[in-house]
Structures are given as structure tokens and as C-alpha cells.
Amino acid sequence: MKIMITPAAAEKINALKNRENGLLKLKWDTEGNGCVLNGVPTLWYVDEADADHDVLLETNEMPILVEKPKMVFYDEEVKIDYSNEAGMFQLKSPNQMLNGRMAFRNK
């Protein structure tokens, strides 16, 4: 899996994170959805990786954690962008918009 982070998204991530020693994570969030298939991609800023599930991937801007079992839900190439118009992060691939209103959470 290859992840690219646009300069606009990197700038917004750096502005939103509440500490320097955390890690960015692309989380397949299923909270309140009841089923893993109904998850939505969300950006989390966490203290550490989940050693049993997370893999650390290098991007053009910063490393990012991804849950290895959930990688099947993403395309091979994805881009994390920030839309000023929507005021939200977006997760895109060459084939589709995976989440046009992706949240960012400090965890």
C-alpha cells in the first residue's frame, strides 16, 4: 500500500496534533457501526502503535500507521488531502473517493 499526503493535509495535521511525540494513524473506525464492513477511514493521532495490528508505512510527508488486517478495505494507492471548502480531510484513490469528510482525532 502506498500513501501520499498532500502539503495541505500535512500542514493541517501538524496544526491539529496536540503533541510532538505521537504517530499519525489511518484508522478503520467501526465505532457505532456494528460491523467491520461498515467502517470509515479516520485519521487518529496516537501515542504508540498497536504491536499486534499496526504497520508503519513511509509517506512523502510523515510516517503513518495502518491496521494491517484492515488494509484490504483500501486501494493500493491512496492520497490524504485537505479540502478548505469542506473543512475536512479527504481520502482518495485514483479510482474513487474513499472518504470525502474524514475526521481527525487526537487519541
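Note that the coordinates shown come from a computational prediction; the quantities given were computed from them, not determined experimentally.

A. Representation of the environment of L91. Within the secondary structure layout, L91 lies in strand β7 (residues 88-92). Ignoring any residue separated from it by four or fewer positions in sequence, one finds L91 in contact with L26, P41, Y74, V78, K79, I80, M97, L98, N99 and M102.

B. Up close: the sheet that holds strand β2 (residues 23-29). Pairing is mixed in the open sheet, where five strands are placed in the order β4-β5-β2-β3-β9. The sheet terminates laterally at β4 (54-57) and β9 (104-106), the two strands that pair on one side only. Ignoring strand direction, the axes of neighbouring strands in this sheet form an average angle of 30°. Bridging between β2 and strand β3 (residues 40-46) involves seven bridges; their strand directions are antiparallel. Pairing of D29 across the sheet is with V40, part of β3.

C. Examining the pattern of salt bridges more closely. Summed over all chains, the structure comprises six salt bridges. Two residues, K25 and D54, come together in a salt bridge whose shortest N-O distance is 3.1 Å. One end of the pair, K25, is in strand β2; the other, D54, is in strand β4, and 29 residues separate them in sequence. Each member of the pair, K25 as well as D54, carries the same accessibility label: buried.

D. Representation of the pairing of β4 within the structure. Where β4 and strand β5 (residues 64-67) come together, four bridges link them in antiparallel fashion. Bridging from a neighbouring strand, L56 pairs with L65 of β5. Where β4 hands over to β5, the hairpin turn is made up of six residues, counted between the paired strands.

E. Representation of the side chain of R19 in the model. For R19, the location among the structural elements is in the loop between α1 (7-16) and β2. In this structure the side chain of R19 is engaged in a polar contact, spanning 2.4 Å, whose partner is the side chain of N18. One polar contact links R19 to D47, side chain to side chain, over a distance of 2.6 Å. Residues within four places of R19 in sequence aside, it is in contact with Y45, V46, D47, N106 and K107.

F. Summary view of the packing of aromatic side chains. What the rule picks out here adds up to four aromatic pairs. On the numbers, 4.4 Å between centres and 5° between planes, the contact of W28 with F73 is stacked. Pair noted here: W28 is in strand β2 and F73 is in the loop between β5 and β6 (77-83), with a separation of 45 residues, a long-range link. Residue class for F73 comes out partly exposed when judged on its relative accessible area of 25%. Relative to F89, the ring of Y82 has its centre 5.1 Å away and its plane inclined at 70°; by these criteria the two rings are edge-to-face. Across this residue pair, the class does not change: Y82 and F89 are buried. Grouped by ring-pair contacts, the aromatic residues W28, F73 and Y74 constitute a single cluster. The aromatic ring of W44 is capped on one face by K107, whose charged end is 4.5 Å from the ring centroid.

About the thresholds
- Residues numbered from 1 in each chain as written.
- Predicted model: local features only at pLDDT ≥ 70, side-chain atom pairs only at ≥ 80, totals over all residues.
- Heavy atoms only, no water.
- Helix = DSSP H or I, 4+ residues; strand = E, 2+ residues; numbered from the N terminus.
- Contact = heavy atoms within 4.5 Å.
- Pairing = 2+ DSSP bridges.
- Axes fitted to C-alpha atoms, helices over the stretch in contact; angles between N-to-C directions.
- Salt bridge = Lys/Arg side-chain N within 4 Å of Asp/Glu carboxyl O.
- Buried < 20%, exposed > 50% of the residue type's maximum accessible area, 1.4 Å probe, protein only.
- Polar contact = N/O pair within 3.5 Å; in protein donor to acceptor, adjacent residues only side chain to side chain.
- Phe/Tyr/Trp six-rings, centres within 6.5 Å; stacked < 30°, edge-to-face > 60°.
- Lys NZ or Arg CZ within 6 Å of the ring centre and 35° of its normal.

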